[in-house]
Amino acid sequence: DWTMGDYCKQAIQAVREEVGDGKVLLGLSGGVDSSVAVHLLREQGYEVEGVILEFSSAHKPAVEAASVIAEQLNVPLHIIPCYEEFEQNVILPFCREYQAGRTPNPCIFCNPTTKFGIICQTAKKLGFDRIATGHYARVEHLDDGTAVLKKSACLERDQSYMLYRLTQEQLSMLLLPLEGLEKTEVRRIARELGLACADAPDSQEICWLPDGDYASFIEQKLGASQPGDFISPDGQVCGQHKGLLHYTVGQRKRLGIALGYPVFIKEIDPVQNRIYLARTGEEYADGVLLSDCIIQPNPLLIPGQKQTAHASVKVRSRASDAPATLTLLPDGQLQVLFDTPQRAPAPGQSCVIYDGATVLGGGYIQKQI
């Protein structure tokens, strides 16, 4: 008789026992996950209102979809335009990272600085005790008040990687009612509720770029990307690239290079405007160096006290956990040495650290080791 719905109800009840009852402001996107999250929270007795952040003109369809869901669920919806914050915190850093030959993840920029930051500010201003979203992850509260981010029980949908930079304040306010549910169960609930989003496809593209053409978008923002040299595995100029922002470390296709053997992008050098190629089979790195690190409170890695630890890391959102030795360096950077070499960790992406299911922190990949 046990169902995933029962699991979810018990998980939410456990959170309620820890943090108490109250009003919840939920980030409502118009998609199936956040819509079902409204229903699950209200089933547990929470008073729920929705909020959607309008980041750019490209988000107007999402605002319309959220408005439809809010009407169907009879939940008040707050619409907050935040074009300038999104431009400064997400769009411009995203463009500059690509221009510098790195591969950014815009959601990781957005979550702490803009999405969760503005939702938390709005919640406090309007008198809400908690916030919630439709992310697949879990937050636990320790006896000392520390909020701990953990993987979802549904590992296939786990989004803890995207949330690793959230602050303690943001985590302490956060409820994640979908923890433990499979996506099929979420869609089943949405169909039972008759929600318009029940069978809507998952969003895959960059949210402000529905056509996915990020290179043209960046060139409109920052100007044309200058062509430069491809350098072959033997160190010779072997062709011209069309601008660094069109490429990423690890890329194998659409290079326009014919050397008689397969190659991939090993390194992008923004100083010399060069892209270095290597033979297929040489994609693996022994480690990475991380900067701008976030270390969540944990007993394994404590700045100034415990400088070295052994844990697991993920070098991209859908990568498998990789055991590694971590060393905090005097300059604040973090050296990560993999037990087993990992394929093409790309500068600009995040490397997130786990102790089992618990998120310890992470940082931005600066270079391969």
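Everything below is about the structure printed above this text.
A few points on the structure.

1. Quick look at the side chain of Thr146
Moving on, step 1. You can see Thr146 is positioned in the loop between strand S5 (137-141) and strand S6 (147-151).
Moving on, step 2. Separated by 2.9 Å, the side chains of Thr146 and Asp144 make a polar contact.
Moving on, step 3. Each residue touching Thr146, except ones within four places of it in the same chain, is listed here: Glu140, His141, Gln168 and Pro297.

2. A look at the packing of aromatic side chains
Moving on, step 1. Within the structure shown, the criterion is met by nine aromatic pairs.
Moving on, step 2. Where Phe230 meets Tyr247, the ring centres are 5.6 Å apart and the plane angle is 85°; that geometry is what we call edge-to-face. Placement of the pair is Phe230 in strand S8 (residues 228-231) and Tyr247 in the loop between strand S9 (237-241) and strand S10 (263-269), with a sequence separation of 17 residues. No difference in accessibility class separates Phe230 from Tyr247, as the two residues are buried.
Moving on, step 3. Members of the aromatic cluster, each reached through a chain of ring pairs, are Phe55, Phe86, Phe94, Tyr98, Trp208, Tyr214 and Phe217.
Moving on, step 4. A cation sits over an aromatic face here: Lys23 above Phe128, 4.6 Å from the ring centre.

3. Observations concerning the pairing of strand S13 (residues 308-314)
Moving on, step 1. Most of S13 is tucked away, with five of its seven residues classed as buried.
Moving on, step 2. Taken together, the three bridges between S13 and strand S16 (residues 350-355) define a ladder with antiparallel strand orientation. The partner of Ser312 across the bridge, within S16, is Tyr354.

4. Concerning the layout of surface pockets
Moving on, step 1. If you add up the space inside the second largest pocket, you get close to 540 Å³.
Moving on, step 2. The wall of the second largest pocket is formed by 23 residues, among which Tyr98, Thr103, Thr248, Arg316 and Gln349 lie closest to the centre.

5. Some words on the sheet that holds S8
Moving on, step 1. Here four strands make up an open sheet; going across it, the order is S9-S8-S11-S10 and the pairing mixed. Two strands close off the open sheet at either side, each with one partner strand: S9 and S10. The mean angle between the axes of side-by-side strands here comes to 30°, regardless of whether they run parallel or antiparallel.
Moving on, step 2. The pairing of S8 with strand S11 (residues 274-279) spans three bridges and is parallel. What sits directly across from Phe230, in S11, is Ile275.

6. Here we look at empty space enclosed by the protein
Moving on, step 1. Tallying each qualifying case throughout the model produces one cavity of 30 Å³ or more.
Moving on, step 2. In this structure, the largest cavity spans a volume of roughly 40 Å³.
Moving on, step 3. In terms of lining residues, the largest cavity is bounded by Ala147, Val148, Leu149, Leu171, Gln296, Pro297 and Val359.
Moving on, step 4. Among the elements that line the lining of the largest cavity, the one with the most residues is S6, at three residues.
Moving on, step 5. By residue class, the composition of the lining of the largest cavity is six nonpolar, one polar and no charged.

7. Examining the sheet that holds strand S1 (residues 23-27)
Moving on, step 1. Strand order in the open sheet made by the five strands is S3-S2-S1-S4-S7, with parallel pairing throughout. Strands with a single pairing partner mark the edges of an open sheet, and in this sheet they are strand S3 (77-81) and strand S7 (174-175).

8. Concerning helix H4 (residues 83-99)
Moving on, step 1. Ile91 marks the point of greatest bend in H4, at about 30°, and the proline Pro93 comes within the next four residues.
Moving on, step 2. Among all positions in H4, only Phe86, Glu87, Val90, Ile91, Leu92, Phe94, Cys95, Glu97 and Tyr98 are buried.
Moving on, step 3. Turning to H4, the residues buried within the fold contact helix H5 (106-126) and helix H8 (214-222).
Moving on, step 4. Positive backbone phi, at 85°, marks Gly101, one or two positions downstream of H4.

9. Structural notes on the pattern of salt bridges
Moving on, step 1. Per the stated rule, a full pass over the model turns up 16 salt bridges.
Moving on, step 2. The partner of Asp321 in a salt bridge is Lys151, and the shortest N-O contact between them spans 2.5 Å. Of this pair, Asp321 sits in the loop between S13 and strand S14 (322-328) while Lys151 sits in strand S6; the two residues are 170 residues apart in sequence, bridging distant segments of the chain.
Moving on, step 3. Look at Asp321 and you get partly exposed, because its relative accessible area is 33%.
Moving on, step 4. Given a relative accessible area of 11%, Lys151 falls into the buried group.
Moving on, step 5. A salt bridge links Asp199 to Arg191; the shortest N-O distance between them is 2.9 Å.

10. Some thoughts on helix H2 (residues 32-43)
One turn of the α-helix equals 3.6 residues, which is why residues spaced by three or four share an orientation.
Moving on, step 1. Given a rise of 1.5 Å per residue, 12 residues ought to cover 16 Å, and the 17 Å separating the end C-alpha atoms of H2 matches this to within 8%.
Moving on, step 2. Within H2, 10 of the 12 residues are buried, which leaves it mostly tucked inside the rest of the structure.
Moving on, step 3. For H2, the full list of buried residues reads Val32, Asp33, Ser34, Ser35, Val36, Ala37, Val38, His39, Leu40 and Leu41.
Moving on, step 4. Where H2 terminates, the next one or two residues include Gly45, which has phi positive at roughly 95°.

What counts and what doesn't
Every chain is numbered independently, its residues counted from 1 as its sequence is written. For this predicted model, a pLDDT threshold of at least 70 governs which residues receive local features, and a threshold of 80 or more governs which side-chain atom pairs are given and counted, while totals over whole chains, interfaces and linings are taken from all residues. Side-chain calculation: all heavy atoms of the structure are included, whereas hydrogens and water are not. Counting from the N terminus, the helices are DSSP H or I runs at least four residues long and the strands are E runs at least two residues long. Two N or O atoms count as a polar contact when they lie within 3.5 Å, although within protein this holds only if one can serve as hydrogen donor and the other as acceptor, and sequence-adjacent residues are included solely when both atoms are side-chain atoms. In this description, contact between two residues means that some pair of their heavy atoms is separated by no more than 4.5 Å. Put simply, two rings from Phe, Tyr or Trp (the six-membered ring, in Trp's case) pair if the centres are within 6.5 Å, and we call them stacked under 30 degrees between planes, edge-to-face over 60, tilted for the rest. For every residue, the accessible area (1.4 Å probe, protein chains only) is compared with the maximum for its type, and the residue is labelled buried under 20%, exposed over 50%, or partly exposed between those bounds. Note on geometry: a ring has a charge over it if NZ (lysine) or CZ (arginine) is within 6 Å of the ring centre and within 35 degrees of the ring normal. We treat two strands as partners when DSSP finds at least two bridges between them. Two kinds of site are reported from a 1 Å grid over the protein atoms alone, namely cavities, where a 1.4 Å probe fits but cannot get out, and pockets, open sets with protein on both sides within 12 Å along at least five of seven lines, and residues are called lining when an atom falls within 4 Å of a point. Grid points are joined across faces, edges and corners, and a volume is the space filled by probe spheres set on the points. Every axis corresponds to a line fitted to the C-alpha atoms, with the helix fit spanning only the stretch in contact, and the corresponding angles, defined between N-to-C directions, vary from 0 to 180 degrees. Note that Gly is not counted as nonpolar here; it falls among the polar residues with everything else outside the nonpolar set of Ala, Val, Leu, Ile, Met, Phe, Trp, Tyr, Cys and Pro and the charged set of Asp, Glu, Lys and Arg. The angle between axes fitted to the seven-residue stretch ending at a residue and the seven-residue stretch beginning at it gives the bend at that residue. Salt bridges are defined as contacts in which a side-chain nitrogen from Lys or Arg sits within 4 Å of a carboxyl oxygen from Asp or Glu. A helix's residues, less one, multiplied by 1.5 Å, set its expected span.

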